[in-house]
Amino acid sequence: MATITDSSDIQTPLLYDTVEPAVDYKGRPVFRSRSGGWRSASFIIGVEIAERFAYYGIASNLITYLTGSLGQSTATAAENVNAWSGTASLLPLFGAFVADSFLGRYRTIVVASLIYILGLGLLTLSAMLASSHSASDCPSTNIIKSCSPSSCQVVLFFFSLYLVALGQGGHKPCVQAFGADQFDGQDPEECKSKSSFFNWWYFCMCGGTLVSLLFLNYIQDNLNWALGFGIPCIMMVVALFIFLVGTKTYRYSVKVEERSAFLRIGRVFVATVKNWQTLPSAIDLEEEARGILPHHSSDQFKFLNKALVAPNGSKEGGKVCSLGEVEEAKAVLRLVPIWFTCLIYAVVFAQSATFFTKQGVTMDRSISKGFDVPPASLQSFISLAIVLFVPIYDRVFVPIARTLTRKPSGITMLQRIGTGMFLSALSMAIAALVEMRRLEISREYGLVDMPNVTVPMSVWWLIPQYVLFGVADVFTMVGLQEFFYDQVPSELRSVGLSLYLGIFGVGSFISSFLVSAIEKATGGEGHDSWFSNNLNRAHLDYFYWLLAGLSIVQLIAFLYFAKRYVYSR
């Protein structure tokens, strides 16, 4: 540390360089020139690249492991993938609560990373136990090997899998928020960098995903599952080391309120319920007594202003909420309609790692003699589309839109999200058309009752739906991240990002429910369900058309609420 002298001409620039209200790792005032910015963010982005490499090393090919090594049916495996993915996306709500109320983001990231590493290590061990079975124990088909694993192996596998979900639950909401914290929103230059941070964060994150899909899926399908799970474990160890290296350069947030933001907001809702019968005139008198001008309080959700009045007309100041607390509660409540109208997008998002992959298994995946593209690796086209489109969006689309709209971000966050929703609906329509063609070809060649024979249709027909998925993600996923970070109280930004992740958690559970319900409704005795193990007799096209229709209905509802949304800042 440099020594600060008593000379005022030296102190003044140093004081001016101080970033408020951030501190360094020892709790001292932090200087702009020595901390934060892209230098610190690069350490954090590096961690995210490794974490996404690890997560998608499991998630992208999980359905293949479940239907192969664990011998599950297609529908059961899809339900299990959705249940795990949903849990992994909902646990960030718990991780964010722990970070924002107790440990802080930095400590939560460290603890979560250790849990993540333990889960990956145990997952590798479970795969080693599976590989110890002799080849004779696994009846082989033309596509996969199917084994009957021991109950011990199954328990260890799922325990490890959900331990990884727990680690991800603490890691995911904190890392991005901690990265954005490295930029001072009050500084004009750093404010611009913070806006770009979300685009380049997603760009780098998808870079890690792309590498995982291209290499890990090949290793898992052609070499060894234990190695395919072990490499992500090693990557997470490296990621934790990289994160710790940057400790001295980070800016750490300081709590400006003694009470937790959770408690403050919760108190507003409790006080509102207690004062439910309070007349509007009493609220107006209270606002006038406090000198609150009408425009200082938003018109939306005015019923929450009842929290400004003491219960039963008492004058106990401790039981009265401040205007700031009421406005915080309104800001959170404002997010609810947007959150709900994004759920179908999340249901669509879940299909790329389940039924898209199973489609690819049945199609011609050969590139050259003796080399077939791993079906899960097709998801790399989503990441590739994102990697290619993010720079175009940030450097071409935004400047053009900025000249037309005069908005710093080109288009609003909600406009960005809505654009991606439309592209998502379009991708499902294309997926349905491609599946209809695949079923038609299987009938033409008499392959309906030969599920293990490759359908003579190139797997590259699936690329358009994957690419559209990627472009839609650049709009909606990044838009949701920025929206839920920006529109919540500053102390709840980890929670804001976990709410965004929660959309995909609930969406995965809805997808699992839909699959289960449709399986039961369409798969009675003597009938093949939409998700039959023999995909040549299944009707994934019907399911895709259903999702395309639901996506359009969702988009209409989203546009209705987006038009009425009032931005917090």
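Scoring rules and cut-offs
Residues numbered from 1 in each chain as written. Predicted model: local features only at pLDDT ≥ 70, side-chain atom pairs only at ≥ 80, totals over all residues. Heavy atoms only, no water. Helix = DSSP H or I, 4+ residues; strand = E, 2+ residues; numbered from the N terminus. Buried < 20%, exposed > 50% of the residue type's maximum accessible area, 1.4 Å probe, protein only. Contact = heavy atoms within 4.5 Å. Areas by Shrake-Rupley, 256 points an atom, 1.4 Å probe, with all protein chains shown as cover. Phe/Tyr/Trp six-rings, centres within 6.5 Å; stacked < 30°, edge-to-face > 60°. Salt bridge = Lys/Arg side-chain N within 4 Å of Asp/Glu carboxyl O. Core = buried A, V, L, I, M, F, W, Y, C linked by side-chain atoms within 4.5 Å. Axes fitted to C-alpha atoms, helices over the stretch in contact; angles between N-to-C directions. Left-handed = near helix turned anticlockwise from the far one by under 90°. Nonpolar A, V, L, I, M, F, W, Y, C, P; charged D, E, K, R; others polar. Expected span 1.5 Å × (residues − 1). Polar contact = N/O pair within 3.5 Å; in protein donor to acceptor, adjacent residues only side chain to side chain. pLDDT = per-residue confidence, 0-100. Patch = residues over 30% accessible without salt bridge, like charges linked within 9 Å, V, L, I, M, F, W, Y side chains within 5 Å. Pairing = 2+ DSSP bridges.

With that settled, consider the overall build of the chain. Along its length, the chain carries 18 helices and six strands. Expressed as a percentage of its 569 residues, the buried residues of the chain come to 55%. Taking the contacts inside the chain whose residues are at least 6 apart along the sequence as the reference set, 81% of them involve residues at least 24 apart. Carbon and sulfur atoms form 65% of the exposed surface of the chain, whose accessible area is close to 24,900 Å².

With that out of the way, let us pick up the environment of Ala-401. By the secondary structure assignment, Ala-401 is in helix H14 (residues 380-405). A sequence separation of ten residues divides Ala-401 from Ile-411, and the C-alpha atoms of the two residues are 6.6 Å apart.

One pass over the full model with this rule turns up 45 aromatic pairs. With a centroid separation of 5.9 Å and an interplanar angle of 80°, the aromatic rings of Phe-355 and Phe-543 are classed as edge-to-face. Pair noted here: Phe-355 is in helix H13 (residues 355-362) and Phe-543 is in helix H18 (residues 540-563), with a separation of 188 residues, a long-range link. Take Phe-355 and Phe-543: they sit in the same class, and that class is buried. A ring pair is formed by Phe-397 and Phe-475, whose centres lie 6.0 Å apart and whose planes are at 85°; its orientation type is edge-to-face. Here Phe-475 lies in helix H16 (residues 463-486) and Phe-397 lies in helix H14, a separation of 78 residues in the sequence. Overall, the relative accessible area of 31% leaves Phe-397 in the partly exposed class.

Oppositely charged side chains may form a pair once their charged atoms are brought near each other. Per the stated rule, a full pass over the model turns up 13 salt bridges. Its salt-bridge partner being Glu-444, residue Arg-437 comes within 3.9 Å of it at the nearest N-O pair. A cluster of three or more residues bridged by salt bridges with shared partners is formed by Glu-48, Glu-51, Arg-52 and Lys-172.

Core analysis: the largest hydrophobic core is formed by 130 residues, its most contacted members being Trp-84, Phe-157, Phe-243, Phe-483, Ile-503, Phe-543 and Tyr-544. Excluding residues within four positions of it along the chain, Phe-543 makes contact with Gln-351, Phe-355, Leu-514, Val-515, Ile-518, Trp-530 and Phe-531. Among the nonpolar cores identified, the runner-up in size contains twelve residues, and Ala-271, Leu-304, Leu-308 and Cys-321 belong to it.

Attention now goes to the packing of H16 against helix H17 (residues 493-522). Relative orientation of the contacting elements H16 and H17 amounts to 145°, with a least axis distance of 7 Å. Of the two possible hands of crossing, H16 and H17 adopt the one that is right-handed. In this structure, H16 uses Met-477, Leu-480, Gln-481, Phe-484 and Tyr-485 to contact H17, whose residues at the interface are Arg-493, Gly-496, Leu-497, Leu-499, Tyr-500, Ile-503 and Phe-504. Class assignment of the residues belonging to the contact of H16 with H17 gives a composition of nine nonpolar, two polar and one charged.

A separate point is helix H8 (residues 225-245). Compared with the 30 Å implied by 1.5 Å per residue over 21 residues, the 31 Å span of H8 between its first and last C-alpha is a close match. For H8, the complete set of buried residues consists of Trp-225, Ala-226, Gly-228, Phe-229, Gly-230, Pro-232, Cys-233, Met-236, Ala-239, Leu-240 and Phe-243. N-cap assignment for H8: the residue whose side-chain oxygen lies 2.6 Å from the backbone N of Ala-226 is Asn-224.

When pLDDT is averaged along the chain, the result is 81; 88% of the residues meet or exceed 70. Mean pLDDT per element in the chain: helix H1 (residues 8-16) is the minimum at 43, and H18 is the maximum at 95. Long-range and interchain partners of residues 1-15, a stretch whose pLDDT sits below 50, account for eleven contacts in this model, where long-range means more than four residues apart. Counting interchain partners and residues more than four positions distant, the pLDDT-below-50 stretch residues 139-146 has 18 contacts.

Moving on: a nonpolar patch on the surface. A surface patch of nonpolar side chains, about 570 Å² in accessible area, is lined by Tyr-218, Leu-223, Leu-227, Ile-367, Phe-371 and Trp-460. Residue placement: Leu-227 occurs in helix H8.

Below, the discussion takes up the side chain of Ser-60. Looking at the secondary structure, you find Ser-60 in the loop between helix H2 (37-59) and helix H3 (62-68). A residue is classified by how much of its surface remains accessible, and Ser-60, at 0% relative accessible area, is buried. Reaching out from Ser-60, the side chain makes a polar contact with the backbone oxygen of Tyr-56 at a distance of 2.5 Å. Contact partners of Ser-60, with chain neighbours within four places excluded, come to Leu-213, Asn-217, Ala-353, Thr-357, Ala-376 and Gln-379.

Positionally, Ser-551 belongs in helix H18. Beyond its immediate chain neighbours, meaning those up to four positions away, Ser-551 contacts Ile-344, Val-348 and Ala-425.

On to the environment of Phe-229. If you trace the backbone, Phe-229 turns up in helix H8. A C-alpha to C-alpha distance of 8.4 Å links Phe-229 and Leu-216, two positions 13 residues apart in sequence. Setting aside residues no more than four positions away along its own chain, Phe-229 makes contact with Gly-57, Ile-58, Tyr-65, Leu-120, Leu-123, Thr-124, Ala-127, Phe-157 and Gln-220.

Once that is clear, we can look at the pairing of strand E6 (residues 455-458). Along E6, the buried face is formed by Val-455 and Met-457; none of Pro-456 and Ser-458, which line the opposite face, is buried. Across two bridges, the pairing between strand E3 (residues 363-364) and E6 is parallel. Along E6, the bridge assignment pairs Met-363 with Val-455.

What follows deals with the environment of Lys-302. Relative to the elements of secondary structure, Lys-302 occurs in the loop between helix H10 (280-289) and helix H11 (323-340). In this structure the C-alpha to C-alpha distance between Lys-302 and Ile-283, which are 19 residues apart in sequence, comes to 9.9 Å.

In the sheet, strand E1 (residues 18-23) pairs with strand E2 (residues 29-31) via three bridges, with the strands oriented antiparallel. Among the inter-strand pairings, Thr-18 is bridged to a residue of E2, identified as Phe-31. Hairpin connection from E1 to E2: five residues lie between these consecutive antiparallel strands, with Gly-27 at a positive phi of about 80°.

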